[in-house]
Amino acid sequence: MTKVGLRNAWFQVHKWIGLILAAVIIPISLTGSALVWHDPLEKALNPERYALSGTSVLPVARYAQAAQARLGPGERLQRIELPAEAGEPVTVRASKPGKGRPQRLTLFLDPPTGRVLDTARSGEGVFQVMHVLHGSLMVPGVGRQIVGWIGVAMLVSSISGLWLWWPLAGGVRRGLRWKRHRNLDANLHYQFGFWISLPLFVLSLTGVWISFPQWFAGFEATQAERAPGGPGRFAAPLQLPLSAVAGAVDAAEKAAGGQAVSVAWPTEKASEWTIAVQPAAGDTVGEESTDVKVAAADNLATVERGTGERPETLARLMRRIHDGNEMPLAWQIIVFLGGILPAALAVTGIIMWWRARSWRAQLAQRRSAVAA
C-alpha cells in the first residue's frame, strides 16, 4: 500500500470511529471532566453535608448507632470514616446485598453530635448519575464492557488522528501551523487533536484497564491480586450487633495505642474488623494511622505493619491516573482537558464530515450537468 493509500485507510477508520461513537464519546468525555473536580463541586452542590456544628469527634460506636437508625430493611453498615481534615463530615457507608450489584447508601454525619446531615443512595444525585454514566453509560450488566470497548476505539482514534495530523510534506513545524485549512473548525480539529493525542491515549488505556481488569491481572504483583474473586469483588458485610462495634474499636485502640479513625465491618469473605488507628500523639484526625485486624469472634487484635493507607497496586495507580485523584494539579488539568477536547473533536469532526459530504454532492451535480 502506498503512503497515500495507507493515509486514506487510516482516515476512514478515524472518520467512522468519530461518527459512529460521537453520541457516546461526548457524554463520557464531559462527565469525566466534571468528575476531576468532584470534591469542590460536591461541596458547592450539597452544602448541607458540610453544615457542621464543630470539629470535635465522638466515639465511633456513636456514629454507628446514629447511622443504624436511618438504615432501611436489609441494609447493613459497611464502613465508618472520621473526617480527614477539619470541615469535613463523618461518612458512613452501608449496602444492601442482593442479586447483581449491591445497593449502596452513604450517610453524612455531624462530627460533634452524630446528627445525620444528608444521605445519598447509589444512582441518585448529580455526581452519582455522572459516575454511572461515565463508567457504564447507565446500561445494567454489560455497560462497563461497552465503555471498555469504546476506550479501545478511542485508543485507535488517538493513534490514527496523530497519523493524519502529520503533514504529507514537511515535519512538525508545518503541522503546527494554525491555518492548515480555510475553515475554523478544521483548524481547531487539527490543533486540539495534536495536543490531546498523547493524554487521550493514556486516558483511554487506563479506562480500558479499569473496564477489563481481568485482561491485565497478570501485571499485578501478588497472587492475591490475580486470584478470581480478589480485590474489586463485592463482599457483603456481616450484620452484627452495635455492641460488637464498641468492643472491636476498644480492642484495636488498646492494641495500637491511639484513636480509631475508620472502621470496616467483617464480611462474608473475611470475618474480622479492619480498624485504622491514629497514634495517641496525633492532635488531628488524618495523621498517619495503623491498620489493626480484630477477630469478630473474640476481639483478638493484631496490629498490621505499615500504615492504614491503601497499598499502591498497579490497578489503583491506573485508576488514579484516569480520574486524577491524588495526582498533581497539572495532571488534573490535563485530565480535565482530556474530557473537554475529545467532545470538541467529535463536534468539529462531524462538521467537517458534513461539509465534505455537501461538497461532494455539489461536485456530483456539476459533473452530471456537464455530462448532460
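Above this note sits the structure.
Draft legend 1. Molecular detail of the overall build of the protein. The helix and strand tally for the protein stands at 11 helices and eight strands. The C-alpha radius of gyration of the protein comes to 26 Å, more than 25% above the 21 Å expected for a compact globule of 372 residues. Relative to all contacts within the protein whose residues are 6 or more apart in sequence, the contacts with residues 24 or more apart total 55%. If you sum the accessible surface of the protein, you get close to 20,900 Å²; carbon and sulfur atoms cover 60% of it. Side chains of the protein give 38 positive and 27 negative charges; the mean places of these two sets differ by 20 Å.

Draft legend 2. The arrangement of the sheet that holds strand β2 (residues 90-96) in detail. Strand order in this open sheet of eight strands is β4-β3-β2-β1-β5-β6-β7-β8, and the pairing throughout is antiparallel. Only two strands of the sheet have a single partner each, and these edge strands are β4 (116-121) and β8 (301-303). Averaged over all adjacent pairs, the angle separating strand axes in this sheet is 30°, with direction ignored. Where strand β6 (residues 272-279) and strand β7 (residues 290-295) come together, six bridges link them in antiparallel fashion. When the sheet's bridge partners are listed, tryptophan 273 is paired in β7 with valine 294. Helix α3 (residues 60-68) contacts β1 (76-81), β2, β3 (103-109), β4 and β5 (258-264) of the sheet and is inclined by roughly 140° relative to β1.

Draft legend 3. Expanded view of the environment of threonine 348. Here threonine 348 lies in helix α11 (residues 329-371). Residue class for threonine 348 comes out buried when judged on its relative accessible area of 8%. Separated by 158 residues in sequence, threonine 348 and tyrosine 190 have C-alpha atoms that sit 9.7 Å apart. Those residues in contact with threonine 348 that sit more than four places away from it in its chain are Asp185 and His189.

Draft legend 4. Spotlight on the pairing of β4. Across five bridges, the pairing between β3 and β4 is antiparallel. For leucine 109, the partnering residue across the bridge sits in β4 and is valine 116. Following β3, the chain reverses through six residues before pairing antiparallel with β4; glycine 114 in that reversal takes a positive phi of roughly 80°.

Draft legend 5. Layout of a nonpolar patch on the surface. On the surface, a nonpolar cluster with roughly 410 Å² of combined accessible area is contributed by Trp166, Val172, Leu176 and Trp195. Within the secondary structure, tryptophan 166 is located in the loop between α5 (143-165) and α6 (172-175).

Draft legend 6. Expanded view of the pairing of β5. Of all seven residues that make up β5, five are buried, and the element is covered over most of its length. With three bridges connecting them, β1 and β5 associate as antiparallel partners. Opposite arginine 79, over in β5, you have alanine 264 as the bridge partner. Across six bridges, the pairing between β5 and β6 is antiparallel. Each residue of the ladder has a partner; that of serine 262, found in β6, is alanine 276.

Draft legend 7. The pattern of salt bridges, seen in detail. Summed over all chains, the structure comprises eight salt bridges. Note that aspartate 185 is salt-bridged to arginine 355, the shortest N-O span being 2.7 Å. Remark: arginine 355 occurs in helix α11 and aspartate 185 occurs in helix α7 (residues 184-211); sequence separation between them is 170 residues. By relative accessible area, arginine 355 is classed as partly exposed at 32%. Notably, a salt bridge pairs lysine 254 with aspartate 250, separated by 3.3 Å at the nearest N-O pair. With a gap of four residues between them, lysine 254 and aspartate 250 both fall in helix α9 (residues 242-256), about one helical turn apart. Judged by relative accessible area, lysine 254 falls into the exposed class, the value being 65%. Shared partners join several salt bridges into a network, and the residues in it are Glu42, Arg49 and Asp118.

Cut-off values and rules
- Residues numbered from 1 in each chain as written.
- Predicted model: local features only at pLDDT ≥ 70, side-chain atom pairs only at ≥ 80, totals over all residues.
- Heavy atoms only, no water.
- Helix = DSSP H or I, 4+ residues; strand = E, 2+ residues; numbered from the N terminus.
- Rg over C-alpha atoms; globule rule 2.2 N^0.38 Å.
- Contact = heavy atoms within 4.5 Å.
- Areas by Shrake-Rupley, 256 points an atom, 1.4 Å probe, with all protein chains shown as cover.
- Lys, Arg positive; Asp, Glu negative; His and termini not counted.
- Charge placed at Lys NZ, Arg CZ, Asp CG, Glu CD.
- Pairing = 2+ DSSP bridges.
- Axes fitted to C-alpha atoms, helices over the stretch in contact; angles between N-to-C directions.
- Buried < 20%, exposed > 50% of the residue type's maximum accessible area, 1.4 Å probe, protein only.
- Patch = residues over 30% accessible without salt bridge, like charges linked within 9 Å, V, L, I, M, F, W, Y side chains within 5 Å.
- Salt bridge = Lys/Arg side-chain N within 4 Å of Asp/Glu carboxyl O.

All we've got here are geometric facts, nothing functional implied.
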